[in-house]
Amino acid sequence: MEIKLSPSILSADFANLARDIKIATDAGAEYVHVDVMDGHFVPNLTIGAPVVKSLRAATDHVLDVHLMISNPDQYLDDFIDAGADIITVHCESNGDTLAQLKKIRAAGKKASCTIKPNTPAEVLFPLLPYCDMVLIMTVEPGFGGQGFIPACMDKIKAVRAEIQKHGYACELEIDGGAKLANTAEIVAAGADVIVAGSAVFSGDIAENVKEFHKVFAAGAQQAEWTK
Ligand code: DX5
Ligand code: ZN
């Protein structure tokens, strides 16, 4: 079972995104997590589709685009055309999440949906057959560098159990507060894609990526669901 790292460029140097992404992916990061915030769904503003388009030209790695925006229906085409590989929509955003997932897949992209910490895991269950990935937010979306919310551990376990029960081909990503110290436990609980922003892009980026992969191996050994 391969556990993947998706470094969140929210904590990278925005004036040097291509450089920081290259350092992380050369060191073994599998995905590149791109946090899109509209200042309305979350109280922060980041980047839009034009930046994703530029990143597409700068890397061949998987662009894992997390849309924290109120109106995905208004912008999905832009992110599809910009070259996103995985597009994650929030169940709390406006519009029909199932229709959004179907649209993403119909465009040949990987579809994913996510819930905020206070939304119950069961909201995701009927959507899982339409998802290539599902994302569990483990902090309130909006900012990097927050602490992992401990209550989210049970949510990871519940969604992993549902995926295994039905044999869905759906990756389980977590986002927020992943550090070297808690990631083995997060993997053991059921996550197979780990987003990490501040823990990757502070200090030695390449070294941090390598250390995360060591922790993944330890977590996978403890994980019942990987056996
Ligand atoms: C938060 C973002 C996360 C964030 C994670 O809204 O979705 O991707 O950058 O940052 P860390 O790993 O620092 O918690
Ligand atoms: Zn994110």
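Residues numbered from 1 in each chain as written. Chains lettered and ligands numbered in written order. Predicted model: local features only at pLDDT ≥ 70, side-chain atom pairs only at ≥ 80, totals over all residues. Heavy atoms only, no water.

(A) Just the coordination of the zinc ion (ligand 2), in detail. With distances of 2.0 to 2.3 Å, the protein atoms coordinating the zinc ion (ligand 2) are His-33 (NE2), Asp-35 (OD), His-66 (ND1) and Asp-175 (OD). One can describe the site at the zinc ion (ligand 2) as octahedral: its six donor atoms subtend angles covering 67 to 167° at the metal. Sequence positions of the residues that donate to the zinc ion (ligand 2) give the spacing H-x1-D-x30-H-x108-D. One end of the pair, His-66, is in strand 3 (residues 62–68); the other, Asp-175, is in strand 7 (residues 171–175), with 109 residues separating them in the sequence. Each member of the pair His-66 and Asp-175 is classed as buried. (Donors = N, O, S within 2.8 Å, 3.2 Å for Na, K, Ca; no water. Tetrahedral: all angles 85-135°; square planar, octahedral: opposite > 155°, others 65-115°. Helix = DSSP H or I, 4+ residues; strand = E, 2+ residues; numbered from the N terminus. Buried < 20%, exposed > 50% of the residue type's maximum accessible area, 1.4 Å probe, protein only.)

(B) The arrangement of the packing of helix 5 (residues 152–166) against helix 6 (residues 180–189) in detail. As a packed pair, helix 5 and helix 6 sit with axes 8 Å apart at the nearest point and diverge in direction by 30°. Of the residues in helix 6, those touching helix 5 at Met-153, Ile-156, Lys-157 and Arg-160 are Glu-185, Ile-186 and Ala-189. The class makeup of the residues in the contact of helix 5 with helix 6 is four nonpolar, no polar and three charged. (Axes fitted to C-alpha atoms, helices over the stretch in contact; angles between N-to-C directions. Contact = heavy atoms within 4.5 Å. Nonpolar A, V, L, I, M, F, W, Y, C, P; charged D, E, K, R; others polar.)

(C) Layout of helix 8 (residues 205–222). Here helix 8 contains 18 residues, and its C-alpha end-to-end distance of 26 Å stays within 8% of the 26 Å for a straight helix at 1.5 Å per residue. Along helix 8, the positions that sit buried rather than exposed are Ile-205, Asn-208, Val-209, Phe-212, Val-215, Phe-216, Gly-219 and Ala-220. Down the axis of helix 8, the buried side of the element spans an arc of 140°, and every buried residue falls inside it. Relative to its buried face, helix 8 has exposed residues pointing more than 90 degrees away, namely Lys-214 and Gln-221. (Expected span 1.5 Å × (residues − 1). Arc of directions from axis to C-beta.)

(D) Quick peek at the sheet that holds strand 7. With parallel pairing, the eight strands of this open sheet are ordered in space as 1-8-7-6-5-4-3-2. The open sheet has two edge strands, strand 1 (4–7) and strand 2 (31–37), and neither has a second partner. Within the sheet, the average angular offset between the axes of one strand and its neighbour, ignoring direction, is 25°. Where strand 2 meets strand 3, seven bridges bridge the pair, whose relative direction is parallel. Counterpart to His-33 in the pairing with strand 3 is Asp-64. Along the sheet, helix 2 (residues 49–58) makes contact with strand 2 and strand 3, crossing strand 3 at roughly 170°. Against the sheet, helix 5 contacts strand 5 (110–115), strand 6 (133–137) and strand 7, and its axis sits at roughly 165° relative to strand 6. (Pairing = 2+ DSSP bridges.)

(E) Representation of the environment of Glu-211 in the model. With respect to the helices and strands, Glu-211 occurs in helix 8. Given a relative accessible area of 25%, Glu-211 falls into the partly exposed group. For the pair Glu-211 and Leu-180, spaced 31 residues apart in sequence, the C-alpha to C-alpha distance is 7.3 Å. A polar atom in the side chain of Glu-211 sits 3.1 Å from the side chain of Lys-214. (Polar contact = N/O pair within 3.5 Å; in protein donor to acceptor, adjacent residues only side chain to side chain.)

(F) Quick peek at the site of ligand 1. Asp-35, Gly-142, Asp-175, Gly-197 and Ser-198 are the nearest of the 20 residues found near ligand 1. Between ligand 1 and the protein, one listed contact pairs an oxygen atom with a side-chain N or O atom of Asp-35 at 2.7 Å. Within the contact set of ligand 1, an oxygen atom lies 2.7 Å away from a backbone nitrogen or oxygen of Gly-142. Surface burial for ligand 1 is 100%, taken as the share of its 380 Å² of free accessible area covered by protein chains. Of the pockets mapped on this structure, ligand 1 occupies the largest cavity. Among the elements that line the shell around ligand 1, the one with the most residues is strand 2, at three residues. Broken down by class, the residue content of the shell around ligand 1 amounts to eight nonpolar, ten polar and two charged. (Near = heavy atom within 4 Å. Areas by Shrake-Rupley, 256 points an atom, 1.4 Å probe, with all protein chains shown as cover. 1 Å grid on protein atoms, 1.4 Å probe; cavity = no way out; pocket = protein on both sides within 12 Å on 5 of 7 lines; lining within 4 Å. Sits in = over half its atoms within 2 Å of the grid points.)

None of the figures reported here should be taken as evidence of function without further support.
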